[in-house]
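# Remarks on the overall topology
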Amino acid sequence: SQANFEEDSQKQPAVGHWKPLMPSKGSKEEPETGCQDAGGVDETQSTEQLNVSRLRSSSVEIREKGSEFLKEELHKAQKELKLKDKECERLSKVREQLEQELEELTASLFEEAHKMVREANTKQAASEKQLREARGKIDMLQAEVTALKTLVITSTPSSPNRELHPQLQSPSKAVFRKGHGRNKSTSSAMVSAASQNVTPEPVSHECKEVDSILFAEFQAWRESPTLDKSCSFLDRIYREDVGPCLDFTKQELSELVRVAVEQNTLTIEPVASQTLPVIKVSAEECGGPKKCALSGLPRTCKHRIMLGDSGNYYYISPSCRARITAVCNFFTYIRYIQQGLVRQDVELMYWEVMRLRREMSLAKLGFYPSEM
């Protein structure tokens, strides 16, 4: 730029060169004109040199300031670049940390999902097994109910079913059940009935007459059968038969026996079965083979009872066993009626109840078969 400026200044005409407007008339004036032209040229050259030097100094200053400004901008840019590098490094670490956490979370989720699937499969297999077992139990119970209905329906006072009442069989064919037997549902009738080998007189040879009061009470109970002893039918039987039959010398134990019979949790087993595994090691055996726990009298005890699942055994004499068995037979039959298993005429059911009441009365009076 300086060189161009110098070239332009050299090309320009000299400042202060005056052309005469009209020709001079005398020679005296020409020298003055020449002097003036020479002085003007010198002044113009000095001014041009001054201007050039000023331009040069100003261009140097501009160049120095520009270089300082550029250096400052470069320094700032370098600082910003370092900050950007640090920020990029920090963000890169954050990204790596997030990727690692995401991988761990994904792995834990997959592991938890597999664990849940395994647990679900295990529970499903257990449920299916329980369902199969439940269906098997239902089939078994249905078969038992069908068999019970067949036995009960085919048993009447005039023509009793000998399978349901083994005491009607001949002594040579009568088979007593040994082992642990609980007086519940089917077992109560079989265990209790098998203990009585008295062959009663045929019902057809007896003269019978229905008592109107007892029959009316039974009919009212039959319409809505219940085991609540507050009804007139059961209240009478409790007062006249069940209460006296289960009234033993040991009052406290007698009350426990009555409650167990009502709740269907009484177990009777032969003394010979004591060689079998005992339910509880610390089971208390009241009485003994030579002493009855209910009467407190010295008697030969062939059976013992257990109340519920207490594990306490009580030896009982044949007479006490006959009384307990007679009451269990009565409760078994009325439970059949309540459950709808007896499909007979009301009068036939009434006479069966009267027969069971007669057994309780005879047992209370001390009549029992010698086989007990």
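All values derive from a computational prediction rather than experimental measurement.

On to the overall build of the protein. When you go through the protein residue by residue, the secondary structure sums to eight helices and five strands. Secondary structure elements of the protein occur, N-terminal to C-terminal, as α-α-β-α-α-α-α-β-β-β-β-α-α. For the protein, with 372 residues in total, the buried portion stands at 31%. Summarising the internal contacts of the protein: among those between residues at least 6 apart in sequence, 72% fall at separations of at least 24. Total accessible area computed for the protein in this model is approximately 25,100 Å², and 56% of it derives from carbon and sulfur atoms.

Let us now look at helix α4 (residues 212–223). With 12 residues, α4 ought to run about 16 Å at 1.5 Å a step, and its terminal C-alpha atoms sit 17 Å apart, in line with that. Every buried residue of α4 is accounted for by Leu214, Phe215, Glu217, Phe218 and Trp221. The arc enclosing the buried residues of α4, seen along the axis, measures out at 160 degrees, which places them on a common side. Exposed residues pointing more than 90 degrees away from the buried face of α4 are listed as Ser212, Ile213 and Glu223. Contacts from the buried residues of α4 go to α5 (232–245), α7 (318–338) and α8 (346–364). Where α4 begins, the capping side chain belongs to Asp211, and its oxygen is found 3.0 Å from the backbone nitrogen of Ile213.

With that out of the way, let us pick up a negative patch on the surface. Negative charge collects at one region of the surface, where Glu61, Glu64, Glu68, Glu72, Glu73 and Glu80 lie side by side. Residue placement: Glu61 occurs in helix α2 (residues 29–153).

Residues Leu362, Leu365 and Phe367 make up a contiguous nonpolar surface patch of about 340 Å² in total accessible area. Position of Leu362 among the secondary structure elements: in helix α8. On the basis of relative accessible area, Leu362 is assigned to the partly exposed category, the value being 39%.

A general trend in soluble globular proteins is that nonpolar side chains are found buried together. Counting residues in hydrophobic clusters, the biggest one holds 51 residues, and the most contacted among them are Val242, Leu266, Leu294, Ile305, Ile324 and Phe330. Elements represented by at least two residues in this core include exactly α4, α5, α6 (251–262), β2 (266–270), β4 (303–307), β5 (313–316), α7 and α8. A per-element tally of this core places α7 first, with 11 residues.

Tallied over the entire structure, the rule returns eight aromatic pairs. Consider the rings of Trp221 and Phe233, whose centres lie 5.1 Å apart with planes at 35 degrees: the pair is tilted. One end of the pair, Trp221, is in helix α4; the other, Phe233, is in helix α5, and 12 residues separate them in sequence. Residue Trp221 shares its accessibility class with Phe233, and that shared class is buried. For the pair Tyr350 and Trp351, a centre-to-centre distance of 5.4 Å together with 65 degrees between the ring planes defines the contact as edge-to-face.

Let's shift gears to the confidence of the model for the protein. When the pLDDT values of the protein are averaged, the result is 77; 70% of them are 70 or greater. Taken element by element, the protein is modelled with least confidence in helix α3 (residues 185–194), mean pLDDT 38, and with most confidence in α5, mean pLDDT 94. Within the model, the stretch residues 12–31 combines pLDDT values under 50 with eight contacts to residues more than four positions away or in other chains. For residues 274–284, every residue scores under 50 in pLDDT, and the model assigns this stretch 17 contacts once sequence neighbours within four places are set aside.

Here α4 crosses α5 at 125 degrees, and the two axes come no closer than 8 Å. In terms of orientation, α4 and α5 fall into the oblique class. In this structure, α4 uses Ile213, Leu214, Glu217, Phe218 and Trp221 to contact α5, whose residues at the interface are Ser232, Phe233, Leu234 and Arg236. Looking at the contact of α4 with α5, its residues break down into six nonpolar, one polar and two charged.

The next thing to look at is the pattern of salt bridges. Enumeration according to the criterion identifies 12 salt bridges in this entry. In this structure, Arg357 and Asp241 form a salt bridge, with 2.4 Å as the shortest nitrogen-oxygen distance. Residue Arg357 is located in helix α8, and its partner Asp241 is located in helix α5; the two are separated by 116 residues in the primary sequence. Accessibility assignment for this pair places Arg357 and Asp241 in one class, buried. Notably, a salt bridge pairs Arg355 with Glu359, separated by 2.4 Å at the nearest N-O pair. Taken together, the positions of Arg355 and Glu359, both in helix α8 and four residues apart, correspond to about one turn of that helix. By the burial criterion, Arg355 is buried, and Glu359 matches it.

What follows is about the environment of Glu217. For Glu217, the location among the structural elements is in helix α4. Between the alpha carbons of Glu217 and Ser232 there is a distance of 6.4 Å; along the sequence they are 15 residues apart.

With burial as the criterion, each face of β5 is covered, one bearing Tyr313 and Tyr315 and the other bearing Tyr314 and Ile316. Relative to β5, β4 runs antiparallel, the two sharing four bridges. Its bridge partner lying in β5, Ile305 is registered against Tyr314. Between β4 and β5, which pair antiparallel one after the other, the connecting turn spans five residues, and Gly308 there sits at a positive phi close to 70 degrees.

This part covers the packing of α7 against α8. Between α7 and α8, whose axes approach to 8 Å, the crossing angle comes to 165 degrees. With respect to α8, the axis of α7 lies roughly antiparallel. Regarding α7 and α8, the two cross each other, and that crossing is left-handed. Seen from α7, the contacting residues are Ala322, Arg323, Ala326, Val327, Asn329, Phe330, Tyr333 and Ile337; seen from α8, they are Met349, Glu352, Val353, Leu356, Glu359, Met360, Ala363 and Lys364. Here the residues of the contact of α7 with α8 are counted per class, giving 11 nonpolar, one polar and four charged.

Conventions and cut-offs
- Residues numbered from 1 in each chain as written.
- Predicted model: local features only at pLDDT ≥ 70, side-chain atom pairs only at ≥ 80, totals over all residues.
- Heavy atoms only, no water.
- Helix = DSSP H or I, 4+ residues; strand = E, 2+ residues; numbered from the N terminus.
- Buried < 20%, exposed > 50% of the residue type's maximum accessible area, 1.4 Å probe, protein only.
- Contact = heavy atoms within 4.5 Å.
- Areas by Shrake-Rupley, 256 points an atom, 1.4 Å probe, with all protein chains shown as cover.
- Expected span 1.5 Å × (residues − 1).
- Arc of directions from axis to C-beta.
- Polar contact = N/O pair within 3.5 Å; in protein donor to acceptor, adjacent residues only side chain to side chain.
- Patch = residues over 30% accessible without salt bridge, like charges linked within 9 Å, V, L, I, M, F, W, Y side chains within 5 Å.
- Salt bridge = Lys/Arg side-chain N within 4 Å of Asp/Glu carboxyl O.
- Lys, Arg positive; Asp, Glu negative; His and termini not counted.
- Charge placed at Lys NZ, Arg CZ, Asp CG, Glu CD.
- Core = buried A, V, L, I, M, F, W, Y, C linked by side-chain atoms within 4.5 Å.
- Phe/Tyr/Trp six-rings, centres within 6.5 Å; stacked < 30°, edge-to-face > 60°.
- pLDDT = per-residue confidence, 0-100.
- Axes fitted to C-alpha atoms, helices over the stretch in contact; angles between N-to-C directions.
- Parallel < 35°, antiparallel > 145°, perpendicular 65-115°, else oblique.
- Nonpolar A, V, L, I, M, F, W, Y, C, P; charged D, E, K, R; others polar.
- Pairing = 2+ DSSP bridges.
- Left-handed = near helix turned anticlockwise from the far one by under 90°.

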